[in-house]
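Secondary and tertiary structure notes
One-letter residues, chain by chain:
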Amino acid sequence: MTDRKPMTLHRLREMHAQREPIAMLTCYDATFARVLDEAGVDCMLVGDSLGMVLQGETSTVPVTLADMAYHTRCVARGNRNAWLIGDLPFGSYHESPAQALQSAVTLMQAGAQMVKLEGGGWTADTVRFLTQRGIPVCAHLGLTPQSVHALGGYRVQGRNDEAAATLLAHAGELAAAGAAMLVLELVPASLAREVTRALPIPVIGIGASKDCSGQVLVLHDMLGLTRGKQPRFVRNFTQDEPSIDAALRRYVSDVKARRFPDDTLHGY
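Source: prediction; values computed, not measured.

Moving on to the sheet that holds strand β3 (residues 83-87). A barrel is described by the order of its strands in space; here 8 strands give the closed sequence β1-β2-β3-β4-β5-β6-β7-β8, paired in parallel fashion. Adjacent strand axes in the sheet meet at a mean angle of 25° when their direction is disregarded. Pairing of strand β1 (residues 22-26) with strand β8 (residues 214-217) involves 4 bridges; the strand directions are parallel. Looking at β8, one finds that L25 is bridged to L217. In the packing of helix α11 (residues 244-256) onto the sheet, the strands contacted are β1 and β8, and the crossing angle to β1 comes to about 140°.

Our next topic: helix α4 (residues 65-78). Taking 1.5 Å per residue as the helical rise, α4 with its 14 residues ought to reach 20 Å, and the 20 Å between its terminal C-alpha atoms agrees with that figure. Taken residue by residue, α4 has M68, A69, H71, T72, C74, V75 and G78 as its buried positions.

A few words now on the side chain of Q146. Along the polypeptide, Q146 turns up in the loop between β5 (137-142) and α7 (148-151). When its relative accessible area of 5% is taken as the criterion, Q146 is described as buried. A polar contact is formed between the side chain of Q146 and the side chain of D48, at a distance of 2.7 Å. Within the local environment of Q146, its side chain forms a polar contact with the side chain of Y93, the two groups lying 2.8 Å apart.

Overall, the coordinates contain 15 salt bridges when judged by the stated rule. Between D37 and R4 there is a salt bridge, with the nearest N and O atoms lying 2.7 Å from each other. Taken together, the residues D37 in helix α2 (residues 30-39) and R4 in the segment before α1 (9-17) connect sequence positions 33 residues apart. Taking relative accessible area as the criterion, D37 reaches 3% and is therefore assigned buried.

Let us now look at the side chain of S59. For S59, the location among the structural elements is in the loop between α3 (50-53) and α4. For S59, a relative accessible area of 6% corresponds to the buried category. Among the polar contacts made by the side chain of S59, one reaches the main-chain amide nitrogen of V61 at a distance of 3.2 Å. Contacts of S59, omitting those with residues within four sequence positions, involve G51, M52, V148, H149 and Y154.

The next point concerns the pairing of strand β7 (residues 203-206). Both faces of β7 are covered, namely the face carrying V203 and G205 and the face carrying I204 and I206. As judged from the 4 bridges shared by strand β6 (residues 181-185) and β7, these two strands associate in the parallel manner. Paired with L184 across the two strands is G205, which belongs to β7. The parallel pair β6 and β7 is bridged by helix α9 (residues 189-198), and the resulting crossover is right-handed.

A word on the packing of aromatic side chains. As enumerated under the stated definition, the model contains 4 aromatic pairs in all. On the basis of an interplanar angle of 80° and a centroid distance of 5.2 Å, the ring pair of F237 and F260 is categorised as edge-to-face. Highlighted residues: F237 in the loop between α10 (219-222) and α11 and F260 in the loop between α11 and α12 (263-266), separated in sequence by 23 residues. With a relative accessible area of 2%, F237 lands in the buried category. Judged by relative accessible area, F260 falls into the buried class, the value being 2%. The lysine or arginine in question, R133, covers the ring of F129, its NZ or CZ lying 3.6 Å from the ring centre. Directly above the ring of Y268 sits R232, whose terminal nitrogen or CZ lies 5.3 Å from the centroid.

What counts as what
Counting starts from 1 at the beginning of each chain's written sequence and moves along it residue by residue. A pLDDT threshold of at least 70 governs which residues receive local features in this predicted model, and a stricter bar of 80 or more applies before side-chain atom pairs are shown or counted, although totals over entire chains, interfaces and linings include all residues. Side-chain figures throughout are based on the complete set of non-hydrogen atoms in the structure, without hydrogens or water. If DSSP finds at least two bridges between two strands, the strands pair. Here a strand is any run of E in DSSP of at least two residues, a helix any run of H or I of at least four, and the numbering for each starts at the N terminus. Axes, fitted as lines to C-alpha atoms, cover a helix only where it is in contact. Angles between the N-to-C directions of the axes lie from 0 to 180 degrees. What makes two residues a contact is simply this: any of their non-hydrogen atoms within 4.5 Å. The span you would expect from a helix comes to 1.5 Å times its residue count less one. The buried label applies to any residue whose accessible area, calculated with a 1.4 Å probe on protein chains only, is under 20% of its type's maximum; exposed applies above 50%, and partly exposed to all values in between. In protein, a polar contact requires one atom able to donate a hydrogen and another able to accept it; more generally it is a pair of N or O atoms within 3.5 Å, and residues adjacent in sequence count only if both atoms are side-chain atoms. Here, a salt bridge means any side-chain nitrogen of Lys or Arg that lies within 4 Å of a carboxyl oxygen of Asp or Glu. Look down the strands so they point away from you; if going from the first strand over the helix to the second traces a clockwise path, that crossover is right-handed. Between the rings of Phe, Tyr and Trp (Trp by its six-membered ring), a pair exists once the centres lie within 6.5 Å; its type follows the angle of the planes, with under 30 degrees stacked, over 60 edge-to-face, and the other angles tilted. The criterion is that NZ of a Lys, or CZ of an Arg, lies within 6 Å of the ring centre and within 35 degrees of the ring normal, and then a charge sits over that ring.

Written out as structure tokens, the structure reads:
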């Protein structure tokens, strides 16, 4: 797939309108960026998950803006065609929209084409502030790992009616504020489907539903490199494939065909 055209925000919107699933994976370095690009991955997310995956931290909270800029720059050097999203880390956008702008500028100058931030409610004003200044934003609701201590751990979100209504309201507010994409993490499949139907923007699921507009997984998880018990939404794509390249291509094809995830196996 090395001859494919570079992904754009306009093309992502077309895919959403045509109900073509979007295949996203996290990526943290130039070598894997090249491999993911050649496998046909639509979007790469330089996630603050690098704190746990690469740095050995127990959460994403210790990750700094300098860390994110470094890894974004590495991925940008290896990528040719995928849409590149950079996570705004904990503490880099919470103080004010002006702080968020400076942090977003840092990641955009490092090579990101979009920035991602977590949470709803108060973040809508920040999203509006950034998008009005030409910075594409991906929102993130459900389990928001930067708030893991406030959430009481890595738990499924939106299980009761009140929590589901709040999440749905926050999703609508973020889309209205200009968010061009939403990551929805660790929520019941029925709620994920409702959010996806309600929003005019792509909803990318992780532990959500096959009916989302696309899917994302942590690269090291789907390659079977992460040790210990894994969340039920994770699938090791190397189990039935002879190489990393083949596993990545299988992930893309299974997302595109809506064979992954299987809500009965990977959903809540």
